[in-house]
Each structure stands twice: as C-alpha cells, then as structure tokens.
Amino acid sequence: MASPFADPAFYADRYPTYARLRAASPVLQVLSDGVTSATVVTGYDEARQAFTAPLSKDTSAYFADRPSGRSLHPAVARTMLATDPPEHTRLRRLVTKAFTPARVDGLRPYIRSLAEQLVGPWGPGTEVDLVEELAGPLPVTVICQLLGVPPVDRASVSSWSTDLFATGDHERIDAASHALAGYMAELISSTRVRPNRSLLSDLIAVHDEDSGRLSEDELLSLAVLLLVAGHETTTAAIGTAVLALLQHPAELEHLRASPHCIPGAVDELLRYDSPVSIATWRWAPTEVDLCGTAVPTGSPVFLCPGAANRDPRQFPDPDQLNLGRANATNHLAFGHGIHRCLGAPLARAEIEIVLQVLFEHFPKLRLAVAPGELAWRHSRLVRGLTSLPVRL
Ligand code: HEM
C-alpha cells in the first residue's frame, strides 16, 4: 500500500484514513516515502504493545548508513526521546528528580495569571484567533518560565521552537535548531554562574550516586527537548479541546455548569483528538511481534496514538466525544512505557486552567467560521489547528 500520509486531505481529517488502515490490518506494511517499507500501527492493543516492544528509538543507529544531508544541531537531533536504555534510563531518572509534581503544582498560579493576562484585552462580542492569542503563546511562555528564560528572550525562543516544526522546510528547521541550541547553551552557562529557582538550575545541580551529573551536552539536549516537546503539543491540545467542546454544545454546557468536572474531561478530550497523532520515530532492530503480526527487521514504525484512541474495540462509539466515558483514562495520547510523556501533569494543568478561564470570562464563546473552513497543520506528528477564529 502507498503512503497513507501523502494526501493533503489526510491532515484536515485523519480519522477516515486511520479507520481504513485499521480495517486493512491494525499492523500494516506501507510504502513510507514511495521506496522504503514502513509499518503503521493503528489498533489500540497493538499500539500499546508497540510502546513497550523492543523497538529502537535510536535514530542515529538507523540513519548511520543512510546520510540525510541534513545539518540539525546534535542537541536537537539526539534528545532523550531518541535514546534507548541504558542511556535513556539514566537520563530519565535524573530529569525526573528535578521535574517533580510539586514543581508543576507550584506553577499553577503562574499559569492562571498568564491565561488571565492573555484574555484580558479580549472584549465581549469581538472575534479573536484563539490559537494565535492564547493556545500558542501560553505553553511556550510557561516552559520559558519553567526553564528560567528571561522575558526579553521569550519571543525569539518561541519563534525558533515554532520553526522546528516547519514540516518540509529543512533549511528553516536546521537553522532554528542551531539558533535555539546556541541560545540554550548560553543560558546554561549563565545559570551555572548564577543559580536560581528554575528547572534548568535544578537540572544543572541534580546528580545520582551511581551515574553522576548530567554532562553539558546532555543538559543542552534536555533543555531543548523540554522546550520543544512541551510547546507545539500543548498548543495543539488547547486548540482541539476548545474546538471539540464548541462542536458539542451539550458537553460544553455540562462543563460550564460543573467546572469541577474539567480535570476529568481532559482525558476524553485528549482521546477524542490526540495532539501527538503519530508518535516519534521508532524502528525494528530485529523482527518484532505485535499481537501476532510481525514487524520486519529494519522497518520504521509509525505508531499512531491518534488512531489507537479511536479503536472501537477499546472505545465504543469512538468518533463520539463522551465526557462520561468510563475508560477514557486508558487513552494513549501521552504515550506508554518508558518514553511516556514526562510533561503530562504540566500539560493537563495548562489545558484545565485555560478551559476554566475561558468558561468564566466568555459564556457565549462560539466558532466564528464554519468547521470546514478551519485550517489544520501539515504535520505527521502533531494534529493541531493553525488558527481557531472564535467570537467571544
Ligand atoms: C498535551 C500535551 C502533550 C502531549 C499530547 C504529549 C505527548 C507525548 C507523547 C505521546 C510522548 C511519547 C512519544 C513517543 O513515545 O514517541 C511524549 C514524550 C515526552 N514529552 Fe510530552 N506531550 C505533551 C506535553 C508535554 C510537555 C508540556 C512537556 C514538558 C514540558 C513534555 C515533555 C515530554 C518529554 C521530555 C518526553 C520524552 C520522554 C522520554 O523520552 O522519556 N510533553 N509526550
């Protein structure tokens, strides 16, 4: 089968394609770039198993004899997300020591005040682009605050981070990777000299009895990973969560009347439209069995949380948003296994707080365009809106 992701229509609505692929086989061989054979995983059980199977995330090993001609900065090319154990185990243990639930809880008042500040100028009855004015700026500002990026530098950091997702524009992506890594390296040096209360400062100090501290390269790639992993994903999540609620007025009314249900609703919103629709690069260093289907040695694997989360065998009536769904927390939107999202508590906090602030301030919020006119990002990884015009 030819690449299912080549058709531009796929990006506007992925779910019919995912259903078609799953019906053909939940683990399916396709042509990824017209030449290479790849494996697409769209079934829930199969995806869950793939997240813990002996697939490798080590891109440098896969591409060692396949020169790409790219010049991505190594700190961007080789993050913790592209390592296997034991290297991954050590990095993850160290970063988990510094990025604690208490740190996320401590950020909640900041997130709330930032959301209030961003919607502050919005007048009732006017039209705004919710992605440009709220879902975009909020997550990147929160991560900058977390890492201790000074306010004056945040616009540059945000634009480099956005450029890293400029699908297809290799020159722009590579240039942004160098600009961002260069900036972060300087920030690490200055934070080393003047420690502060940021996560970056704690990552510099964190150490382990067995394996010591994070090296300079490791610190740099972690700082870049946190910024990049937590920016576009959360922007996409906020945009699609608001859109889903605006398109389901009964569910929206329920949440408005019972705001204490918002934290519980976040799981179903993430299941319904998963921001990381196709997970990051994996490949099979040896043949791997997924629920009875073999992934051949050397095959790249496109593991699709967006498809798994709409598998009717796991979620009955999967194309329906149902905030009362009993097993919504089983979703794979944050992945599963050793690479499960490290920022999930922070992402949840941001989505919850944004929804609370929007409902409190704008009881008449509605879509300002027909759903068919909405523009979606052309990214295999991230499912998100490029803009979301709403009337307040
Ligand atoms: C709604 C927003 C988010 C979603 C849907 C999301 C989703 C994911 C997924 C699916 C993975 C696993 C990828 C794979 O196995 O291929 C992942 C990993 C990761 N995420 Fe998130 N993420 C979100 C927000 C964040 C935030 C806010 C941060 C940090 C500030 C973050 C940091 C990370 C890191 C560091 C990893 C790599 C973990 C590892 O390799 O062990 N994410 N995320």
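The rules behind the values
- Residues numbered from 1 in each chain as written.
- Predicted model: local features only at pLDDT ≥ 70, side-chain atom pairs only at ≥ 80, totals over all residues.
- Pairing = 2+ DSSP bridges.
- Helix = DSSP H or I, 4+ residues; strand = E, 2+ residues; numbered from the N terminus.
- Contact = placed C-beta atoms within 7 Å.
- Axes fitted to C-alpha atoms, helices over the stretch in contact; angles between N-to-C directions.
- Near = placed C-beta within 6 Å.
- Nonpolar A, V, L, I, M, F, W, Y, C, P; charged D, E, K, R; others polar.
- Parallel < 35°, antiparallel > 145°, perpendicular 65-115°, else oblique.
- Left-handed = near helix turned anticlockwise from the far one by under 90°.

Looking at the sheet that holds strand β1 (residues 27-31)
Right, so step 1: An order of β1-β2-β9-β6 is seen for the four strands of this open sheet, with the pairing classed as mixed. Edge positions in the sheet fall to β1 and β6 (282-283), since each of these pairs with one other strand and no more.
Right, so step 2: In the packing of helix α3 (residues 44-52) onto the sheet, contacts are made with β1, β2 (37-41) and β9 (300-303), and the angle to β9 comes to roughly 130°.

Thoughts on the site of the ligand
Right, so step 1: In the vicinity of the ligand lie 25 residues, with Gly230, Ala279, Gly335, Cys341 and Gly343 positioned nearest.
Right, so step 2: Looking at the shell around the ligand, the elements that each hand over two or more residues are α13 (216-246) and α17 (344-361).
Right, so step 3: With seven residues, the top contributor of residues to the shell around the ligand is α13.
Right, so step 4: The residue inventory of the shell around the ligand, partitioned by class, reads 17 nonpolar, seven polar and one charged.

Focus: the packing of helix α15 (residues 262-272) against α17
Right, so step 1: Look at α15 against α17: their axes get within 10 Å of each other, and the N-to-C directions meet at 115°. Between α15 and α17, the crossing angle belongs to the class labelled roughly perpendicular. Judged by the twist between their axes, the crossing of α15 over α17 is right-handed. Of the residues in α17, those touching α15 at Ile262, Pro263 and Val266 are Arg348, Ile351, Glu352, Leu355 and Gln356.

Considerations on the sheet that holds strand β3 (residues 127-129)
Right, so step 1: The sheet built from three strands is open, its strands ordered β3-β11-β10 with antiparallel pairing. One side of each edge strand has no neighbouring strand; the edge strands of this open sheet are β3 and β10 (366-367).

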